[in-house]
Amino acid sequence: MATTRKLIVEVVDARNLVPKDGHGTSSPYVVIDYYGQRKKTHTAIRDLNPTWNEVLEFNWGKPSEVFDDVLELDVYHDKNYGPTTRNNSLGRIKLSSDQFVRKGEEALIYYPLGKKYLFSWIQGEIGLKVYYVDEVIPPPAPPVEEGKPEEAKADPATTAAEGGAKPESDRQPPTEAASNFGKSETAGGPPLGSDQAPPLEPPAETGKPDERQPAEGAPPLNGPPGAEKPPEEPNPVPSPQEAGRDQAGAQAATPTAQDSQPTLSPDDDIVIEPASRNWAPQSEIMAAATTGSMPEIRVARPRTIPPPQPMPRPAAPTTYNSSEPAEQAQIERSSFDLVEKMHYVFIRVVKARFLPTNGKPVAEIAIGSNRTISQPARKTNFFEWDQTFAFRRDSPESSSNLEVSLLDPRGTMDPSSDTAAANFFGGICFDVTDIPLRDPPDSPLAPQWYRLEGGGAHSGDLMLATWIGTQADEAFPDAWKTDTAGDNVNSRAKVYLSPKLWYLRATVIEAQDILPLTAMKESSFQIRAKIGFQVQKTKVSVNANGNPRWNEDLLFVAAEPFSDHLEFSLELRQPKGPVVLGVARIPFTTIERRVDDRKVVSRWFTLEDPNDEKKMYKGRIQMGLCFDGGYHVMDEAAHVCSDYRPTARQLWKPPVGTVELGIIGCKNLLPMKTVNGKGTTNAYTVAKYGSKWVRTRTVSDCLDPKWNEQYTWKVYDPCTVLTIGVFDSWGVFEISDGKEATRPDFRIGKIRIRISTLATGRVYRNSYPLLLLGHSGVRKMGEIEVAVRFVRAAPTLDFLHVYTQPLLPLMHHIKPLGVVQQEILRNTAVRIIAGHLSRSEPPLKSEVVRYMLDADLNTFSMRKVRVNWFRIVGVIASLIDIVRWIDDTRTWKKPTATILVHALLVMLVWFPDLIVPTLAFYVFVIGVWNYRFRSRDPMPHLCPRISQADTVDCDELDEEFDAVPSNRSPDIIRARYDKLRAIGARVQTVLGDFATQGERVQSLVTWRDPRATGIFVGLCFVVALILYLVPSKMVAMAFGFYYFRHPLFRDRMPPPAMNFFRRLPSLSDRIM
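Computed from a predicted structure; not experimentally measured.

### Topic: the overall build of the protein chain
Helix and strand counts for the protein chain come out as 17 helices and 42 strands. Looking at the 1072 residues of the protein chain, the share that counts as buried comes to 41%. Intrachain contacts of the protein chain at a sequence separation of at least 6 include 70% that bridge at least 24 residues. Carbon together with sulfur atoms contributes 57% to the accessible area of the protein chain, which is approximately 59,800 Å² in total.

Below, the structure is given as structure tokens:
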């Protein structure tokens, strides 16, 4: 059933608008422009916080080169209220069309109003709900009866239908079109919508014949509705002049009937079809002449309005402001320019006929030493397979033959067949060098019938098509391939999408009417909330009146599409265990969505008896429920995250570029398993960026697999990481009730690529080691060769502006989540994603997803403790170098440098305004100097030296990979504990030293040591007097020269100030 898409804008209210009427207030109204359509709300008289609650409806438009694909909203002050003479602007906003969502996903969002002019004074914000709906087009009207000639005469669709053209019931009537613009602001006429044509000339008189005579066989437009249709004549062949005129008329009519075509869904692409199929005829269609191949439509073109010219459609999208949802927009096929072309011989076996058998024959295809058999045929009117095979062709110049044979595996051929081979129907032989070469975007090669030769089917035919193509061919993903494990579905390349995750916030406030008051004592109540495998509990509330209160937030992770429901259980805590008093089940469809921190209106929910089918009333509970779309649901660790966008699509910003990944292959992989006494590896690669996962095909029994597959992602933030992992598959050996079916896929290794380290437009093609850390230490499993390219799509200033924006969405800063809570929610999200992807076909197994998302990142490891310690040492190493340089300068180890420092000191003391510029210039010089020593690695990858993987102890690795709780022997656990105690003692000493120094600073003025405090306070008084009397420049000069004095004037004993500080007391002597 045909549908049409409508854009709905709910204008709710506005807040804190600017007064514009000269009396401290304004009378605002809203004007919205979208795709050439303009509509307005009513005027809120003298209100700076107006409320409209109006719903404005617009026709959905596709990307256009004429109209802007954005929704423009302007707020004006009505000049009819107040002394103003014009409609003053109160602000405006622009919304990109990729921020529109489907009905059911909308949320009330307050957008800050921006300036329309440079020097405008604007403030406030406006609350909107923007979404689109698909409305079903009503069926065409029934045919008009003969007894109502007047109504039929007024309906031109009937006469057009009688002439053999398509009726106009799908097109919007003029009166309905005018009603849609009832609230429009007009200037000399109604505005032209995106789906309306320019007004055509009305006929001069109703009964006057038109200047152009209708074509033969077509009824007159203004003829009586009950007139009989003249007999149809054979399809006339129009003259070249008429054909050209008819074609021009059809082109002129094509863009004027946009309402009549069914609205394309976001998943559809633009398809060019004949005009008479896509467009309904207009009211001034004169006739429709049809030929055997192409329908034509003749249209009376107005003389005063020139015919519209067709707008050129660009081959590639030039803007990201598409009216289609970003995740559902069709991605154009990659050009595969980052990888090597792999040539294959494609054979598509379609069907066969006239075979002397009642069984299910199979097709055997052979090229050289490669041979395979198709699936058994499906018996319909023909023997059908419709299966494609791809044979790798290593050398295009190699000469070999392609043989296609039809066999009957069960030997059910006709016994009267005189062939020697009772189960051989015949075959076809091709020379591979004569097979045509096809490269996309060429159309697929049409299959043809071939006569079978040399078998029992003397008149049998086989329909097939064969061509030579590459891995870019659209038939390649689902074809049988020689380098994979046959037609196993687990070996195919696929693209996956993570489910859309939401944070579900449940604010549990209070409960009422729990138990009769006569039976109540002081009791402990607790709320238990459950969504799937997620279970959370509130704190215990002790109450004696049956109305416990909690005021506690519970946060869950929910995935679309929502299939579960939220279940709350009220439990009474007793010594024998909790007792469930009532249960409330809430469907997800009743929970509202929000994208900011506005307060959610709480509701009362009835508690029902969980054991009673009659649903007795057991009390009620007050809660506030909402889906928080302003957060980003973390599924990866923060430092290796690939996406920071919030859940709500309305808050997404346009992408800044694209990253293209070419997965070329691996080299020197180690055998991961033994099959039939032979070491083998069935490798495949998984790449993850944002919500998009890609999996290459599985290359079976190969230690140097080649994939040469290319994928593309949109980049919304350059400070993100692309993760690539290689795995060994057991799926190619899966059989029913086999042990191999439950075996996990082995890890081979992974690499990470940070997008911000890539130059724009440059191709990085390199090989990187695949390192795997296991119980026995780090092992090099092989090498992977990839090619990466980042293409910037945003302007340079907009791209650099991204670096100044917060990394996480605004809700993470307004209402932040705790570190422990964030990690719990991340583990929950990983489990949801792993369960979702494991149900795909082919499945992406749970162990693969967990390894790609670093689910076990925060497990305790002594190796990671040392890594973080050395990282801290590396950070403060530069500060230590500065301290050493100052010490060398003051001890005159380099006299020239010391003299220059004295000169610099004099300059900075007498000209203090140069201190900040000097420091900035010094940092600039350091940065330029370090540019010479920058990293030459094309892309950084996992480093064993930084990870301390090459020097780690086997006992520490065993502890790192041990499960929780541990399953090791008590002796091993005791040894680990003793080692941890020794490390803890050293950490304890370091923390004690830090505390001692801080307590000595505090004791300077606490009079714990009266003499030391008296000395310090008196010295401070003397310093204050000196600084009051002596200029600060002279004091700074004297202190600098004293600090950098020559070693001849120094004492080798510690300075008095240090000796005085070390004698100060601390609390360490009072610790037991």
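On we go.
### What to know about the sheet that holds strand β5 (residues 70-77)
Within a beta sheet, neighbouring strands are joined by backbone hydrogen bonds and run either parallel or antiparallel to one another. Taken in spatial order, the four strands of this open sheet run β3-β2-β5-β6, and their pairing is antiparallel. Looking at which strands have only one partner, the edges of the open sheet turn out to be β3 (37-40) and β6 (89-96). The average angle at which neighbouring strand axes cross in this sheet is 15°, direction not considered.

### Points about the nonpolar core
Membership of the largest hydrophobic core comes to 64 residues, with the highest contact counts inside it found for Leu661, Trp693, Trp713, Ile724 and Ile784. Looking at which element gives the most residues to this core, the answer is helix α8 (residues 819-837), with seven residues. If you look at the next biggest cluster of nonpolar residues, it comprises 32 residues, including Trp52, Leu56, Phe58 and Leu71.

### A few points about the pairing of strand β23 (residues 501-512)
Taken across its twelve residues, β23 has eleven buried, putting it largely inside the fold. Bridge count for β23 against strand β27 (residues 549-559) is nine bridges, and the pairing is antiparallel. Bridging from a neighbouring strand, Ala506 pairs with Leu554 of β27. Pairing between β23 and strand β32 (residues 617-628): nine bridges, direction antiparallel. Each residue of the ladder has a partner; that of Tyr503, found in β32, is Asp628.

### Side note on the side chain of Lys39
Of note, Lys39 is situated in strand β3. Summary of buried charges: Lys39 has no salt-bridge partner, and the nearest side chain of opposite charge, Glu57, is 5.9 Å away.

### Thoughts on α8
Three- or four-residue spacings in an α-helix give side chains the same orientation, since the helix completes a turn every 3.6 residues. For α8, spanning 19 residues, the distance from its first C-alpha to its last is 27 Å, which sits close to the expected 27 Å at 1.5 Å a residue. Turning to α8, its buried residues number three or more, namely Gln822, Leu825, Arg826, Thr828, Ala829, Val830, Ile832, Ile833, Ala834 and Leu837.

### Things to note about the pairing of strand β9 (residues 125-136)
When strand β1 (residues 3-15) meets β9, the two strands line up antiparallel, connected through twelve bridges. Its bridge partner being in β9, Glu10 is matched across the sheet by Lys129. In this sheet, β9 lies alongside strand β7 (residues 101-102) in parallel orientation, the contact comprising two bridges. Bridge pairing links Arg102 to Tyr132 in β9. Bridge analysis of strand β8 (residues 109-112) against β9 gives four bridges, and the strand direction is antiparallel.

### A look at the environment of Asn682
Here Asn682 shows up in the loop between β35 (678-680) and β36 (683-689). Between the alpha carbons of Asn682 and Thr698 there is a distance of 6.2 Å; along the sequence they are 16 residues apart.

### As for the packing of aromatic side chains
Considering all chains together, one arrives at 29 aromatic pairs under this definition. Aromatic side chains Tyr29 and Tyr76 sit 6.0 Å apart centroid to centroid with 35° between the ring planes, which places their arrangement in the tilted category. Of the two residues, Tyr29 sits in strand β2 (residues 28-34) while Tyr76 sits in strand β5, which places them 47 residues apart along the sequence. Here Tyr29 matches Tyr76 in class, with each residue buried. Through successive ring pairs, a cluster of aromatic residues spans Tyr34, Tyr35, Phe58, Trp60, Phe100 and Tyr132. Residue placement shows Lys39 over the ring face of Phe58; its charged tip is 5.4 Å from the ring centre. If you follow Arg934 out to its NZ or CZ, it ends over the ring of Tyr931, 3.9 Å from the centre.

### What about the pattern of salt bridges?
Across all of its chains, the model carries 52 salt bridges by this definition. Linking Arg866 and Glu956 is a salt bridge whose minimum nitrogen-to-oxygen distance equals 2.9 Å. Of this pair, Arg866 sits in helix α10 (residues 862-890) while Glu956 sits in helix α13 (residues 954-960), and the two are 90 residues apart along the sequence. Where salt bridges share partners, they join Arg505, Asp553, Arg594, Asp628 and Lys815 into one cluster.

### A word on unusual backbone geometry
The amide bond that connects Glu841 to the next residue, Pro842, takes the cis arrangement and shows omega of 0°. Mapping Pro842 onto the fold places it in the loop between α8 and α9 (846-852). Residues Val964 and Pro965 are joined by a peptide bond in cis, for which omega reads 0°. With respect to the element layout, Pro965 can be found in the loop between α13 and α14 (970-1002). Even without glycine at this site, Gln948 takes up a positive phi of about 55°. Positionally, Gln948 belongs in the loop between α12 (915-931) and α13.

### Considerations on the sheet that holds β36
One open sheet holds the five strands; their spatial order is β22-β37-β36-β39-β40, and the pairing between them is antiparallel. In this open sheet, the two strands that pair with only one neighbour each are β22 (494-497) and β40 (746-754). Averaged over all neighbouring strand pairs, the angle between strand axes comes to 20°, with direction disregarded. As paired elements, β22 and strand β37 (residues 692-695) share four bridges and run antiparallel to each other. Across the sheet, Tyr496 pairs through a bridge with Trp693, a residue of β37.

### Brief notes about the packing of helix α11 (residues 895-910) against helix α16 (residues 1032-1043)
Viewed as axis vectors pointing N to C, α11 and α16 meet at an angle of 165°, and their least axial separation amounts to 10 Å. Judged by the inter-axis angle, α11 sits roughly antiparallel to α16. Relative to α16, the crossing made by α11 is right-handed. Contacts between α11 and α16 involve His902, Leu905, Val906, Val909 and Trp910 on the former and, on the latter, Lys1033, Met1034, Ala1036, Met1037, Gly1040 and Phe1041. Looking at the contact of α11 with α16 residue by residue, the class counts come to eight nonpolar, two polar and one charged.

### Things to note about the side chain of His77
Tracing the backbone through its elements, the reader meets His77 in strand β5. Engagement of the side chain of His77 in a polar contact is seen with the backbone nitrogen of Ser27, the distance being 2.9 Å. Looking at His77, its side chain comes within polar contact range of the main-chain oxygen of Tyr81, at 3.1 Å. Once residues within four sequence positions are removed from consideration, His77 is found in contact with Lys20, Asp21, Ser26, Ser27, Pro28, Tyr29, Thr84, Arg86, Asn87, Asn88 and Leu90.

Calculation criteria
- Residues numbered from 1 in each chain as written.
- Predicted model: local features only at pLDDT ≥ 70, side-chain atom pairs only at ≥ 80, totals over all residues.
- Heavy atoms only, no water.
- Helix = DSSP H or I, 4+ residues; strand = E, 2+ residues; numbered from the N terminus.
- Buried < 20%, exposed > 50% of the residue type's maximum accessible area, 1.4 Å probe, protein only.
- Contact = heavy atoms within 4.5 Å.
- Areas by Shrake-Rupley, 256 points an atom, 1.4 Å probe, with all protein chains shown as cover.
- Pairing = 2+ DSSP bridges.
- Axes fitted to C-alpha atoms, helices over the stretch in contact; angles between N-to-C directions.
- Core = buried A, V, L, I, M, F, W, Y, C linked by side-chain atoms within 4.5 Å.
- Lys, Arg positive; Asp, Glu negative; His and termini not counted.
- Salt bridge = Lys/Arg side-chain N within 4 Å of Asp/Glu carboxyl O.
- Expected span 1.5 Å × (residues − 1).
- Phe/Tyr/Trp six-rings, centres within 6.5 Å; stacked < 30°, edge-to-face > 60°.
- Lys NZ or Arg CZ within 6 Å of the ring centre and 35° of its normal.
- Parallel < 35°, antiparallel > 145°, perpendicular 65-115°, else oblique.
- Left-handed = near helix turned anticlockwise from the far one by under 90°.
- Nonpolar A, V, L, I, M, F, W, Y, C, P; charged D, E, K, R; others polar.
- Polar contact = N/O pair within 3.5 Å; in protein donor to acceptor, adjacent residues only side chain to side chain.

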